[in-house]
Amino acid sequence: MADSVADCLFCSIVAGRIPADLVYQDADVVAFNDIAPKAPVHVLVIPRRHFTDIRELAKDPAAAASVLAGIDAVAGERGLEYFTTIFNTGAESGQTVLHVHAHVLSGSGQFWAHAKSA
Ligand code: 5GP
Ligand code: ZN
């Protein structure tokens with residue numbers, strides 16, 4: 001897989017071709033507010049390099065670790081006392097952007113409990 005994919009929305013955000021409301025960035029990851037938030041805090045954490053989904057990311061343990069570290073950095077920077085993390089995988093799960101991303105959701109209580117009762 002190429003490090004960057006020309007027609008990938010999140011590669012375009014990494015490259016700065018499409019603006020995003022950045023929350024955190026380092027050499028390996030970028031985190032930004034979701035354009036259509038599903039909770040008071042809804043941040044997307046992505047590796048700078050293009051991986052389609054969490055299964056592809058898992059083949060590169062260093063890159064996978066960097067995404068976990070990015071989630072931790074967002075939690076620290078935003079002072080999150082609790083949060084829910086979701087990786088959608090595959091269109092039927094609701095994955096719409098084929099560049100792996102962690103949803104970090106907080107501020108509306110137990111997000112997963114709400115999802116289960118919806
Ligand atoms: P998925 O459904 O693939 O798990 O999540 C994709 C997420 O990306 C959605 O929550 C959607 O609101 C968000 N999103 C889609 N396009 C953009 C965009 O251009 N900018 C930002 N910040 N978020 C986006
Ligand atoms: Zn990409």
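Scroll up a little and you will see the structure.
Draft legend 1. Local environment of the site of ligand 1. Residues in close proximity to ligand 1 total 16 residues, the closest being Asp34, Asn88, Gly94, Thr96 and His103. Backbone polar atom of Gly94 to an oxygen atom of ligand 1: 2.7 Å apart, as the coordinates give it. At 2.9 Å from an oxygen atom of ligand 1 is found a side-chain nitrogen or oxygen belonging to His101. Protein coverage of the free-state accessible area of ligand 1, which is 510 Å², stands at 84%. For the shell around ligand 1, the elements supplying multiple residues, two or more each, are α1 (9-15) and β2 (29-33). Grouping the constituent residues of the shell around ligand 1 by class yields 7 nonpolar, 7 polar and 2 charged.

Draft legend 2. Just the coordination of the zinc ion (ligand 2), in detail. Only Cys8 (SG), Cys11 (SG), His50 (ND1) and His99 (ND1) from the protein reach the zinc ion (ligand 2) as donors, at distances of 2.0 to 2.3 Å. In the primary sequence, the donor residues of the zinc ion (ligand 2) line up as C-x2-C-x38-H-x48-H. The same class applies to Cys8 and to Cys11, which are both buried.

Draft legend 3. Region of interest: the sheet that holds strand β1 (residues 22-25). The strand order across the open sheet formed by 5 strands is β1-β2-β3-β5-β4, and the pairing between neighbours is antiparallel. Only two strands of the sheet have a single partner each, and these edge strands are β1 and β4 (84-86). Direction aside, the axes of adjacent strands within the sheet are offset by 20 degrees on average. Pairing between β4 and strand β5 (residues 102-106): 3 bridges, direction antiparallel. Its bridge partner lying in β5, Ile86 is registered against His103. Strand contacts of helix α3 (residues 61-78): β1, β2, β3 (41-47), β4 and β5, with the helix running at about 150 degrees to β3, the strand carrying the most contacts.

Draft legend 4. Inspection of the pairing of β1 at higher detail. In terms of strand pairing, β1 meets β2 through 3 bridges, oriented antiparallel. Directly across from Leu22, in β2, lies its bridge partner Phe32. Two successive antiparallel strands, β1 and β2, enclose a turn made up of 3 residues.

Draft legend 5. Summary view of the nonpolar core. Judged by nonpolar contacts, the single largest core of 19 residues is most densely connected at Tyr24, Ala31, Val43, Val45 and Val74. For this core, the secondary-structure elements that each account for two or more residues are β1, β2, β3, α3 and β5. With near-sequence residues (within four places) excluded, Val74 lies in contact with Val23, Tyr24, Ala31, Val43 and Val45. Within the second largest apolar cluster, 9 residues are counted, among which are Phe32, Leu44, Ile46 and Val97.

What counts, and where the lines are drawn
- Residues numbered from 1 in each chain as written.
- Chains lettered and ligands numbered in written order.
- Predicted model: local features only at pLDDT ≥ 70, side-chain atom pairs only at ≥ 80, totals over all residues.
- Heavy atoms only, no water.
- Near = heavy atom within 4 Å.
- Polar contact = N/O pair within 3.5 Å; in protein donor to acceptor, adjacent residues only side chain to side chain.
- Areas by Shrake-Rupley, 256 points an atom, 1.4 Å probe, with all protein chains shown as cover.
- Helix = DSSP H or I, 4+ residues; strand = E, 2+ residues; numbered from the N terminus.
- Nonpolar A, V, L, I, M, F, W, Y, C, P; charged D, E, K, R; others polar.
- Donors = N, O, S within 2.8 Å, 3.2 Å for Na, K, Ca; no water.
- Buried < 20%, exposed > 50% of the residue type's maximum accessible area, 1.4 Å probe, protein only.
- Pairing = 2+ DSSP bridges.
- Axes fitted to C-alpha atoms, helices over the stretch in contact; angles between N-to-C directions.
- Contact = heavy atoms within 4.5 Å.
- Core = buried A, V, L, I, M, F, W, Y, C linked by side-chain atoms within 4.5 Å.

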